[in-house]
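What follows is each chain in one-letter form.
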Amino acid sequence: MVFADPGEARARAQGVLDSDPTPWHASVAHQVIGIWQRDWGDMRIALHHLRRARDLAARAQAPDREGDILATLGVALVHSGRTRQGLEALERGVAVSTGHTRARVLFRRAYASWVLGRHREALEDVRRAIPVLRQADDVIWTARALTLRATVHLALGAVDRAEADFTAAHAQWDTTGQEHDKADVVESRGLAAFRSGDIPLALRLLDEAEERYAKLGTPSFMLYIRRCEVLMAAGLAPEALAEADTAIGALDGIGGQSTRKAELLLVAARAARLAGDPHTAIARAALAVRLFAGQRRSWWETHARLVLIESRVAAGRRSGRLVADAAAVAERLASFGAPAAPEASLLAGRIALSLGWTADAERHLAVAARSRHSGPPLARMTGWAAQALRARAAGSGRGVLEACRRGLDVLDDHRMTLGASELRARATEQGAELAALAQRASLDSGSPRRLLMWSERWRATVLSTPPTRPPADPALLGNLTAFREIAARAEEARSDGRPIPVLEREQRRLEREIRSRTLHMRGDAPGDGDRFEPGRLLERLGEVRLVELAVLDGRVQVLLCGQGRVRRFEAGLLADAETEAEHVQAGLRRLAHPGAEARLPVVEAMGRRLEELLLGPAAAQLGSGPVVVVPPSRLHRVPWALLPSLRERVLSVSPSASSWLRAHETEPPPGGRHVLVRGPGLATGGAEVPELADRYGRPTLLEHEDARVPRVLEELDGAALAHIAAHGTFRADSPLFSALRMADGPLIVHDFERLDRSPYRIILSSCDTARLASVGADELLGLVTALLPLGTAGVLASSAPVNDHAVVPLMLALHKGLSAGLSLAEALRDARASLPGDALHQATGWAFTAFGAA
């Protein structure tokens, strides 16, 4: 009962102890309480009850009873870090028990071997136990043994064998009432899905397991470890680190298993390293190494040493000692049959290359490169990264490009299995090294066209295909509606100066639920077969000049495309440009308020400095026609119209040359329907909207109570032009919850992703609507990038705070140009020129950017 209804089992066991039981019955009751405390409570209390149970069984002269308890005690001792004592108890249990009971003891010893990383010993004990358990028709213990064997297969990389055992175990569990065991197998199947590369399924199964554990009141720290692994693979390392640290705190709070604490420290170290915090990673990994060593868990200790070396390298350390350490770890992992062995060999090769030890590097990289043809996607990418580094060391630019192409193709296929745009964007981080190697080889080849092609190869890939449309999931729709209502009430309470914590907690809970459900979506688009071709871009540009900015070794490379050719210019350092862009943003914030006129020359000087850093000598080669700027994601907040050479020309911005091409070739929808939306709370009340309604004759006008999210989405779908005057909020912590404020609450990015086709042109006339989060290798998440893959060819939005009153004349002038047949970029240029020359209106014009090509 302890794994079917843990709370009830514990209560009944205590009832037995309160009833003056016989030694035999008392031994059972103490064992049940010991199991409960071992798995979900305090290890000290667990050991006290299990030792008492052992002594009572001996007094009852029941060898099988004593052997069963010794097995339970042995597992508890191993989990408490007393490995030698635990293994001795398990050996004694095997010796004193017989037949069916001995098979159960062998299962527990196999489990302890798995915890210790002794996988071959675990498989041998399970092999001996399963036939006996089956012959005894012991469904529960047979299912447990199959589940354990599957888990061991996973640790050794044998995913197909694991799946077969999980399937067999699942069929047996369905005939029992063992709810905790059922949750455990769902959790394990989530791990199997992850190992086979199916991240959405893994997240769904792990969330289902968590719900099952919550109903039983039995926390699973192994679940936290596994979910952290999946989150890291999905590019969500900061979340994995936070979850691991929270779990460590909870485990310490109950005096739980020291084995699980060591594993949580290891996963926290990996997450910290991936999150760019090598010093935290070093501290967590070093502690994990010490704990694993004390627990005599060599398999785990070796994995922790790998993370420790990786973290030291990330912190800037390079030495021959680290090469030797990484090589020793690789050799040890290979002897264990661990899938991480190629990763360690790649690390040894990288460090050796950085020291100029080419012969040593070649030896280690050749071993790592063997993994490129088999295994899950990230393992194959490790192999292709090693092959690319081998080619670079050998001076073969062609070999570098071929290896990078093959590796990124693997990641492309993996990325397209992900339905959520957030996961697609974050997954690209895995390809950053390959993309950088290819760009460097292209630069060395002296071919700007090749550099352009590789710059595009891994830029804004999340926009290359429409996101998977969220399913018609009643629970998801209900959560979105509830989120809107709660968020509106919480915002109203905050604006009244009386924030209500219970509303804010419920809003965060609903955000987690919505995000969780969207991350479960599988990709439904085929692999990206529409490869970027520089020749096609040059044909479509005509008189337009496209300026793509690539960053290599921290310096901006300007690729000027037009007149049938691609030219390269070298500009300044990216770090300097980012700093200057932040200063410009601060200046525009000041200019959005009256009385800051003295700051205008300062901001203009910043614009000149930005031009030097970002365009360099290319600024003098732009000609007189329209310009499209394709910046890297880290420069998305630059107000490009502030740069002197761009200030008075037709200017648009695109996340990639590929997305500009798609926008350029997108046809407007039939009917030419216009939609005007006015949200609540604007300083001017959205004063431009009534005037625009008169100008356009009979547009769809949504304001006051009509401006509710369901109605707004219905009207936006397939519109030719949409103008939304509504407060925008950007969420840096969760960019897909960035929102426009409607009458019934926030209209978020997740809502826009439900559109069949977003408006052909959309104008967002309020503050910060063009703010985006830079994630992955070179990806952007936010309102603007949610619209571009859904059929929108042009967006106008602001990347800085703006003065609501100054926006009105800008918008009216903009729509005048649109009514005359101009594009968004042309109309914005003319609208800026028509504004008064004071600082307030000039800053407002600079803050807005036209994205796309409509």
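Quick note: structure is the one above.
The rules we used
Residues numbered from 1 in each chain as written. Predicted model: local features only at pLDDT ≥ 70, side-chain atom pairs only at ≥ 80, totals over all residues. Heavy atoms only, no water. Helix = DSSP H or I, 4+ residues; strand = E, 2+ residues; numbered from the N terminus. Rg over C-alpha atoms; globule rule 2.2 N^0.38 Å. Buried < 20%, exposed > 50% of the residue type's maximum accessible area, 1.4 Å probe, protein only. Contact = heavy atoms within 4.5 Å. Areas by Shrake-Rupley, 256 points an atom, 1.4 Å probe, with all protein chains shown as cover. Lys, Arg positive; Asp, Glu negative; His and termini not counted. Charge placed at Lys NZ, Arg CZ, Asp CG, Glu CD. Pairing = 2+ DSSP bridges. Axes fitted to C-alpha atoms, helices over the stretch in contact; angles between N-to-C directions. Phe/Tyr/Trp six-rings, centres within 6.5 Å; stacked < 30°, edge-to-face > 60°. Lys NZ or Arg CZ within 6 Å of the ring centre and 35° of its normal. Parallel < 35°, antiparallel > 145°, perpendicular 65-115°, else oblique. Left-handed = near helix turned anticlockwise from the far one by under 90°. Salt bridge = Lys/Arg side-chain N within 4 Å of Asp/Glu carboxyl O. Nonpolar A, V, L, I, M, F, W, Y, C, P; charged D, E, K, R; others polar. Expected span 1.5 Å × (residues − 1). Core = buried A, V, L, I, M, F, W, Y, C linked by side-chain atoms within 4.5 Å. Polar contact = N/O pair within 3.5 Å; in protein donor to acceptor, adjacent residues only side chain to side chain.

A. The overall build of the protein chain, seen in detail. When helices and strands are tallied, the protein chain shows 37 helices and 16 strands. Here the C-alpha atoms of the protein chain give a radius of gyration of 31 Å, agreeing with the 29 Å that 2.2 N^0.38 yields for 854 residues. Taking all 854 residues of the protein chain together, 59% fall into the buried category. The long-range fraction of contacts in the protein chain, counting pairs at least 24 apart against all pairs at least 6 apart in sequence, stands at 70%. Carbon and sulfur atoms provide 49% of the accessible area of the protein chain, an area that totals close to 32800 Å². One way to put it: in the protein chain the 109 positive side-chain charges average out to a point 5 Å from where the 103 negative ones average out.

B. The sheet that holds strand E11 (residues 745-748), seen in detail. On the basis of which strands lie adjacent, the open sheet formed by three strands has the order E9-E10-E11 and antiparallel pairing. Looking at which strands have only one partner, the edges of the open sheet turn out to be strand E9 (728-729) and E11. In the sheet, E9 pairs with strand E10 (residues 739-742) via two bridges, with the strands oriented antiparallel. Following the sheet pairing, Thr729 is matched in E10 by Ala739. Packing against the sheet, helix H32 (residues 709-716) makes contact with E10 and E11, and its axis sits at approximately 30° to E11.

C. Representation of the packing of aromatic side chains. Counting across every chain of the model gives eight aromatic pairs. The interplanar angle of 90° and the centroid separation of 5.6 Å between the aromatic rings of Phe107 and Trp141 together place this pair among those described as edge-to-face. Here Phe107, found in helix H6 (residues 99-116), pairs with Trp141, found in helix H8 (residues 139-155); they are 34 residues apart in sequence, far enough to count as distant. You'll find Phe107 and Trp141 in the same group, each marked buried. Taking the centre distance of 5.6 Å and the plane angle of 50° together, the rings of Tyr111 and Trp114 count as tilted. With Tyr111 and Trp114 both in helix H6 and three residues apart, this pair spans about one turn of that helix. Note that Arg65 overlies the ring of Trp24, its terminal NZ or CZ placed 5.5 Å from the centroid. Across from the ring centre of Trp384, 5.3 Å away, lies the NZ or CZ of Arg372, which sits over that ring.

D. The arrangement of the packing of helix H9 (residues 159-173) against helix H10 (residues 179-195) in detail. Between H9 and H10, whose axes approach to 10 Å, the crossing angle comes to 160°. Judged on the interaxial angle alone, H10 and H9 are roughly antiparallel. In the packing of H9 onto H10, the handedness of the crossing is left-handed. For the pair H9 and H10, contact is made by Val159, Glu163, Phe166, Ala169, His170 and Trp173 and by Asp181, Lys182, Val185, Ser188, Arg189, Ala192, Ala193 and Arg195, respectively.

E. Expanded view of the pattern of salt bridges. For the coordinates displayed, the defined rule picks out 53 salt bridges. Between Glu506 and Arg509 there is a salt bridge whose closest N-O contact spans 2.8 Å. With Glu506 and Arg509 both in helix H26 (residues 501-519), this residue pair falls three residues apart, about one helical turn. What makes Glu506 partly exposed here is its relative accessible area of 27%. Salt-bridge contacts for Glu612 lead to Arg609; the nearest nitrogen and oxygen are separated by 3.7 Å. Of this pair, Glu612 and Arg609 are both found in helix H29 (residues 600-614), three residues apart, which corresponds to roughly one turn of the helix. By relative accessible area, Arg609 is classed as partly exposed at 35%. Each of Glu402, Arg405, Arg406, Asp409 and Arg457 takes part in a single network of salt bridges with overlapping partners.

F. Layout of the pairing of E11. Strand direction decides the pairing type here: E10 and E11, joined by four bridges, are antiparallel. Each residue of the ladder has a partner; that of Arg741, found in E11, is Pro746.

G. Structural detail: the packing of helix H35 (residues 804-819) against helix H37 (residues 839-847). The geometry of H35 relative to H37 is characterised by a closest axis approach of 9 Å and an angle of 65° between their N-to-C directions. Both H35 and H37 take part in a crossing whose hand is right-handed. Together, Ala806, Val807, Pro809 and Leu810 of H35 and Leu840, His841, Thr844 and Gly845 of H37 make up the contact between the two elements. Residues that form the contact of H35 with H37 fall into these classes: five nonpolar, three polar and no charged.

H. Structural context of unusual backbone geometry. Of note, Asp137 is a non-glycine position whose phi angle comes to about 55°, a positive value. Its place among the elements puts Asp137 in the loop between helix H7 (119-135) and H8. Judged by its relative accessible area of 61%, Asp137 is exposed. Phi angles above zero are rare outside glycine, and Asp553 is one such case at about 55°. You can see Asp553 is positioned in the loop between strand E1 (545-552) and strand E2 (555-562). Here Asp553 falls in the exposed class, since its relative accessible area comes to 68%.

I. Layout of helix H12 (residues 221-233). For H12, built from 13 residues, the straight-helix expectation of 18 Å at 1.5 Å per residue is met to within 8% by its first-to-last C-alpha distance of 19 Å. The element H12 is largely enclosed, with a buried count of 12 among its 13 residues. Within H12, the full set of buried residues consists of Phe221, Met222, Leu223, Ile225, Arg226, Arg227, Cys228, Glu229, Val230, Leu231, Met232 and Ala233. One or two residues past the end of H12 sits Gly235, with phi positive at roughly 85°.

J. The nonpolar core, seen in detail. Residues Ile199, Leu264, Ile309, Leu333 and Cys404 are the most contacted members of the largest nonpolar core, which totals 131 residues. Leu549, Tyr696, Val749 and Val784 belong to the second largest nonpolar core, which has 102 residues in total.

K. Representation of the environment of Arg741 within the structure. Tracing the backbone shows Arg741 in strand E10. A C-alpha to C-alpha distance of 8.6 Å links Arg741 and Gly681, two positions 60 residues apart in sequence. Those residues in contact with Arg741, other than ones at most four positions away along the chain, are Gly679, Pro680, Gly681, Ala726 and His727.

L. Expanded view of the side chain of His636. Its location among the elements puts His636 in the loop between strand E4 (627-630) and strand E5 (651-653). Look at His636 and you get buried, because its relative accessible area is 16%. A polar contact of 2.8 Å, which involves the side chain of His636, links it to the backbone oxygen of Ser633.

M. Highlighting the pairing of strand E12 (residues 761-764). Side chains Arg761 and Ile763 project from E12 onto one buried face, and the interleaved Ile762 and Leu764 project onto a second face that is buried too. In this structure, strand E8 (residues 721-725) lies alongside E12, joined through four bridges in parallel fashion. Paired with His723 across the bridge in E12 is Ile763. Note that E12 and strand E15 (residues 794-798) share three bridges and pair parallel. The partner of Ile763 across the bridge, within E15, is Leu796.

N. Structural detail: the side chain of Arg484. When you line up the elements, Arg484 lands in helix H25 (residues 474-495). Residues in contact with Arg484, not counting those within four places in the same chain, are Val709, Pro710, Asp744, Gly745, Pro746 and Asp751.

O. Quick peek at the environment of Ser335. Tracing the backbone through its elements, the reader meets Ser335 in helix H17 (residues 320-336). With 38 residues separating them in the primary sequence, Ser335 and His373 have C-alpha atoms 20 Å apart. One polar contact links the side chain of Ser335 to the main-chain carbonyl oxygen of Arg332, over a distance of 2.6 Å.

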